[in-house]
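# Descriptive analysis of the structure
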Amino acid sequence: MKKIFALILAALFCLSGIALADADKPELHMGTNANFPPYEYHEYVDDADTIVGIDAEVAAAICDYLGYTLVIDDMEFGAIITAVQTGKIDFGMAGMTVTDERKESVNFSDTYATGIQVIIVKEGSAITTADDLFAEGANHIIGVQESTTGDLYCTWDIEDEGLGTVDRYKNGADAVQALVTDKVDCVVIDNEPAKAFVAANEGLIILDTEYVTEDYAIAIAKENTELLEKVNEALKALTEDGTIPAIIEKYIPAEEAAE
Ligand code: GLN
């Protein structure tokens, strides 16, 4: 009996030792919008609602490399930059495109992935190429996710030019739902989430013509140059040792990406 008790006690010490070691690590808070598959989305893992995806796994690898515990804060995409600026989160990682405007507010890490703005329409749509959106006399309703580059480009190229209206949704899933229910004529969004949304909703297609190609990077507060350097060091090491390529391959298999 005593032996069993001692064993249980030893096991408990071991467990609490692991927990303590984890608790000792400082936290790094990542802000994201977990409605953007395959970069970040909710999935049940062991019955628990978990944020998974390329960004979630790359962030976990970076934190592991640097000795931090990763905490993911789910928020609206448009709130991420401000949350970085005000220190509410340590970094923003959300398939976020590097733009000159955003660079005025935050610093960006080195690039870890590429995105392309594409156009989703219903099968048989009158819109068959990107140019149809900018043609003289065009008057379409374009669905976008608020504050994304898709929103910015469509606002400048279409709405400001009097060539249509831009309807802004809180996330990509809502914009796609608006297309399914004919509230908008098309959705402009990043290519990988576009593929996931089209696979999940019958009767939608992605147009062959691409709109804009972009670089994704991690947003960090201007004054936190120490973290920026560390993150870049981690990105470099984790790219060189194959960790990041393997995470991307897991979510975007190469033969699929080539399609
Ligand atoms: N890449 C786009 C942007 O940075 C969309 C990102 C997103 O919706 N998560 O604006």
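Residues numbered from 1 in each chain as written. Predicted model: local features only at pLDDT ≥ 70, side-chain atom pairs only at ≥ 80, totals over all residues. Heavy atoms only, no water.

## A look at the nonpolar core
Rule in force here: By nonpolar core is meant a set of buried Ala, Val, Leu, Ile, Met, Phe, Trp, Tyr and Cys residues that side-chain atoms within 4.5 Å join together. Whether a residue is buried, partly exposed or exposed follows from its accessible area with a 1.4 Å probe, protein chains only, as a fraction of its type maximum: under 20%, in between, or over 50%, in that order. Secondary structure follows DSSP: runs of H or I at least 4 residues long count as helices, runs of E at least 2 residues long count as strands, and numbering of each begins at the N terminus. What makes two residues a contact is simply this: any of their non-hydrogen atoms within 4.5 Å.
Judged by nonpolar contacts, the single largest core of 30 residues is most densely connected at Val-58, Ile-62, Phe-91, Met-93, Ile-218 and Leu-235. Going through the elements one at a time, β1 (27-32), α2 (54-66), α9 (225-240) and α10 (243-251) are the ones with two or more residues in this core. Not counting residues up to four positions away in its chain, the partners in contact with Leu-235 are Val-58, Ile-62, Ser-109, Asp-110, Tyr-112, Ile-218 and Ile-244. Counting 16 residues, the second-largest nonpolar core is a separate cluster that includes Ala-130, Ile-142, Ile-158 and Cys-186.

## Regarding the sheet that holds strand β7 (residues 106-108)
Inclusion rule: By the convention used here, strands pair only if DSSP detects at least 2 bridges between them. Orientation is described by lines fitted to C-alpha atoms, with helices fitted over the stretch in contact, and by angles between N-to-C directions that extend from 0 to 180 degrees.
Reading across the sheet, the five strands line up as β5-β1-β6-β14-β7 and stay open at both edges, with mixed pairing between neighbours. Since the sheet does not close on itself, it has two edges, and those belong to β5 (69-74) and β7, each with one partner. Of the pairings in the sheet, the one linking β1 to β5 comprises six bridges and is parallel in character. In the strand pairing of β5, Leu-28 is matched with Leu-70. Lying over the sheet, α9 contacts β1, β7 and β14 (219-221), oriented at roughly 150° with respect to β14.

## Re the site of the ligand
Keep this limit in mind: Put simply, a residue is near a molecule or strand once any heavy atom of it comes within 4 Å of that molecule or strand. For the purposes of these results, a polar contact is taken to be a pair of N or O atoms within 3.5 Å, where, inside protein, one atom must be able to donate a hydrogen and its partner to accept one; residues adjacent in sequence count only when each atom of the pair is a side-chain atom. Per-residue accessibility takes into account occlusion by the displayed protein chains alone, with areas from the Shrake-Rupley method and a 1.4 Å probe. Here the nonpolar group is Ala, Val, Leu, Ile, Met, Phe, Trp, Tyr, Cys and Pro; Asp, Glu, Lys and Arg are the charged ones; every other residue, Gly included, is treated as polar.
Near the ligand there are 13 residues, and of these Ala-94, Gly-95, Thr-97, Thr-149 and Asp-190 occur at the shortest range. Residue Arg-102 places a side-chain N or O atom 2.8 Å away from an oxygen atom belonging to the ligand. Note that an oxygen atom of the ligand is positioned 2.7 Å from one of the backbone N or O atoms of Thr-149. Taking 300 Å² as the accessible area of the ligand by itself, protein coverage stands at 100%. Looking at the shell around the ligand, its residues break down into five nonpolar, five polar and three charged.

## Describing unusual backbone geometry
Here the residue pair Pro-37 and Pro-38 is connected by a cis peptide bond, since its omega of 0° sits within 30 degrees of zero. In this fold, Pro-38 is placed in the loop between β2 (35-36) and β3 (40-45). Even without a glycine there, the phi angle at Asp-182 is positive, about 60°. Within the secondary structure, Asp-182 is located in the loop between α7 (172-180) and β11 (186-190). By relative accessible area, which is 56% here, Asp-182 ends up exposed.

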